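A closer look at the structure
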Amino acid sequence: MMFHQPINPLHRFTRALLPLILAGYVSNTYADTGKIRLTVIDATTQRPIPNAAITIVPRTGKATETRANEQGILQVDTLDAGLYTLLINHPNYQPVRLPRVRVLDNKTTPIETKLAGVSTGVEELLVVRKTMAGNPLNPAGTSFIDQEALNSAAGSGSDVLRSLDGLPGLFGDGEFSSFTVRGNGPRDNLILVDGIPFDKVVHFSDSFGELEEIEGGGRYSVFAPNTIATAEFQPGGWNPAYGGRAGSLLKLNVAEGNPDTPSYRARLDIAGIEIGYDGPSGFHDQTSILFSARNYDFGRLFETIGLDDIGTPKLTDVIFKSTSELGDNDQLSFLAIYAPEEYQRALDNVLASDEDEPGNYEDVELVDSEADNSLIALTWTRLIGSDGELTNQIYMRNYDERSTTGEAYPDLVDVDLEGMDPPLDTIPVRNNILRSEAEEKELGLQTDIEINNRFGRLSSGLRITQVDLAFSLNLADEWIRYTYDQNDYRVNPEQKYVVLTPEAINNRYTQTETNYALYANQEFTLGDWSFRAGARYDRDNFSNKDLVSPRAGATWLFNNKLRITTTAGRYFQSPRFNDRASDANNNQLENEVIDQFSIGFAYRWDNNIELLVEPYYQDLHNLVVKGDSVNQTLGNTGEGKSYGVDTGITRLFDNGWSASINYSYNDARVRDYPSATEYDADFNRPHIVSIGGVWEINQRWKLSSRWKWASGKPNDAYIIHSNVLGDGQPLRYSRETIATNTDRYDSYSSLNFRADYLRTFGQTNVIAFIDVINVLGSENPGNSDFNERTGIEEIEEGEAFPIIGLMFEW
């Protein structure tokens, strides 16, 4: 199911869009004036900061100095529409620069910024972040990304996960809407949406019913960049409030509606349509709402551009969020997400897979799948006392997937005319060979409290989740698979393929458990040093285990330019529900254990250049290892280690441009049991380089680009067997793995480019954009499939993937 494939040049779409872009040049209509409403808040206590000094700097013209009121609010009216920089200063807090604030005609731009207190041991610490000042106890590699940066990311394709590409330690190879971090897989990342665990954040993830090795973890994110206000990414070393995954932590904060003025949005591109609204609710003066809905039919797109072999993926994403201020101390937020999807791959798609060589059908799989994915959450936040904050959340998550898989055999039909496809009604097919169903229901309660005490700042919380699982696999008949491992079960060891049987595959797994967790974390400061120490307790009733995770961190503010941060802790990673359900013997799988240590150096040159160096080490135990892919058995017998360093030089956004250069080194090696031979972890890439930047030429033109290069992924050593079915049978080849990850694919490189052009017509902004993924058409050697009809490992050709469209805002 590969639908993010390279796209041929789209001349028709370019010709249709070009007149709309050129029309902007003949108009002399300019925007009028707008407003800024800034709220300045203490990052620790969440209380307003009175009388902060604010400097408003336009891109052209004279700067204006003003001051927030006693409630920490500044409202500035009659600003010319355009781009501004805000400088916020207060003697008791670290200064903050907001370098990219856009004022729109007849709109109020609401901004909330949080300031962190100044350490008594440092005369001045200038914090220049993309959105906010972060907790100095966060790992040095922590990144904050605001909505403007997410929207500007080259190659995002209206996908928030692709917008993260280029962060230190993070790598996305372009074929999947997912990412790997420090040698960990894409399914090892802990993703929170408004603080709620939501791992089904990607459409078209590999199905429970598919038996091939899981590779990418998904194809298209549920969230467009304009629905996310901020994203916070930590490659490791986070505090005990978060658990369940150990690869990285990504916190996505859904945008809130504008409380003052309404805005409407429509986006049209070659894949589909998106509409949205954010603004006052209309039924309560202190309630704002955000609504976003989009529908993409990639099948229609692929048919248009001649990539019919991929199939017909369709998705819908509906996001609604309301935020209500209930007095001075209480806020109530409601979030609803509905993200269904469907995918079909039929006979006509199979016949289209011989594009490179007539009669050589590269993919004969038949698929029919659909899934419903939803989340409903209610969050109540209350300020208590003079410095405390209490947050209560209740949520319900549901995921329901149904799929069938079959095969077609067009090569078995004789065709008189060379190069002609056989008629559809003559092709032998086996429909519905494998049926799978997967249903997950989760009801959760989360309570968090933060309050100052005699030592510093204490935070603690409770997590209770009830999870209902119902999975089933049903194989209709024996099914020959031509890619296998030498240790996979075969009735006859000399047989050069494996046969899946209903007796080995069919399974139904149902289980309902209630898990709970408690955590506490204490922060305190001594001179130039800040410390945190805490622990997390989890009761995992799926594995019937009690888990304790101690975690600690320390930061030394060496001077006003250098910060040194170290973190250490234990992290548990729960087995995926799919793994538990794949065989009756897997339901007692235990958590994987990861002990982490890192030390990071963050150094600031001038006011807008930062240098990051963060070495790390991870000790891996109790890893889940596949025993036999025929019987789908797994066990906690693996162990290993991962170490490396993330580095980066970032020129933060200033005077219209930003840039970054990142390099990461990783050595991740594992073994299946203590006495076994080590091998490279599946997602280990020793070297990763990323160079990119954004240039806002003026308030109309914005360009961005990113180039990345990485070592190839590990690859198994294998041998090819021919005529494995014997004489008188169809010619088939098989691929037998003889050693795990002893080879390596060739390196991967890619260049992405994006251009946005903005024109204003009255009170309507029109943005024409082109976002090109893989401009140079580089192929991805790691994206390959074995073709049993030719005995060749087929590598997908690489070409550019341009997304062209228009966005309207009014």
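Rules and cut-offs
Residues numbered from 1 in each chain as written. Predicted model: local features only at pLDDT ≥ 70, side-chain atom pairs only at ≥ 80, totals over all residues. Heavy atoms only, no water. pLDDT = per-residue confidence, 0-100. Contact = heavy atoms within 4.5 Å. Pairing = 2+ DSSP bridges. Helix = DSSP H or I, 4+ residues; strand = E, 2+ residues; numbered from the N terminus. Axes fitted to C-alpha atoms, helices over the stretch in contact; angles between N-to-C directions. Core = buried A, V, L, I, M, F, W, Y, C linked by side-chain atoms within 4.5 Å. Buried < 20%, exposed > 50% of the residue type's maximum accessible area, 1.4 Å probe, protein only.

Our focus in this paragraph is the confidence of the model for the chain. The pLDDT averaged across the chain works out to 88; a share of 92% of its residues lies at or above 70. Note that pLDDT drops below 50 for residues 1-31; the model gives that stretch 67 contacts with residues more than four away or on any other chain. A low-confidence stretch, residues 211-216 stays under pLDDT 50, and its non-local contacts, those more than four residues away or across chains, total 19 contacts.

On to the sheet that holds strand β1 (residues 33-42), then. An order of β4-β1-β7 is seen for the three strands of this open sheet, with the pairing classed as mixed. Of all strands in the sheet, those with a lone pairing partner are β4 (73-80) and β7 (108-115), marking the two edges. Averaged over all pairs of adjacent strands, the angle between their axes in this sheet comes to 20°, without regard to strand direction. In this structure, β1 lies alongside β7, joined through eight bridges in parallel fashion. The residue bridging Val40 from the neighbouring strand is Thr113, located in β7.

Core analysis: the largest hydrophobic core is formed by 33 residues, its most contacted members being Leu164, Phe223, Leu250 and Ile337. Broken down by secondary-structure element, the contributors of at least two residues to this core are α2 (147-152), α3 (160-163), β11 (189-193), β15 (228-234), β16 (248-254), β21 (330-338) and β23 (365-384). Ile337 has contacts with Val193, Phe198, Val222, Phe223, Val318, Ile319, Asn373, Ser374 and Leu375, leaving out every residue within four places of it along the chain.

Regular strands place their side chains on alternate faces of the sheet. Alignment of strand β33 (residues 562-573) against strand β34 (residues 592-605), held across twelve bridges, turns out to be antiparallel. Paired with Thr567 across the strands is Ser598, a residue of β34. The sheet contact formed by β34 and strand β35 (residues 609-628) spans eleven bridges and is antiparallel. Considered in β35, the bridge of Gln596 is made with Gln618. Hairpin connection, β34 to β35: the antiparallel pair is bridged by three residues, and Asp606 has positive phi, about 50°.

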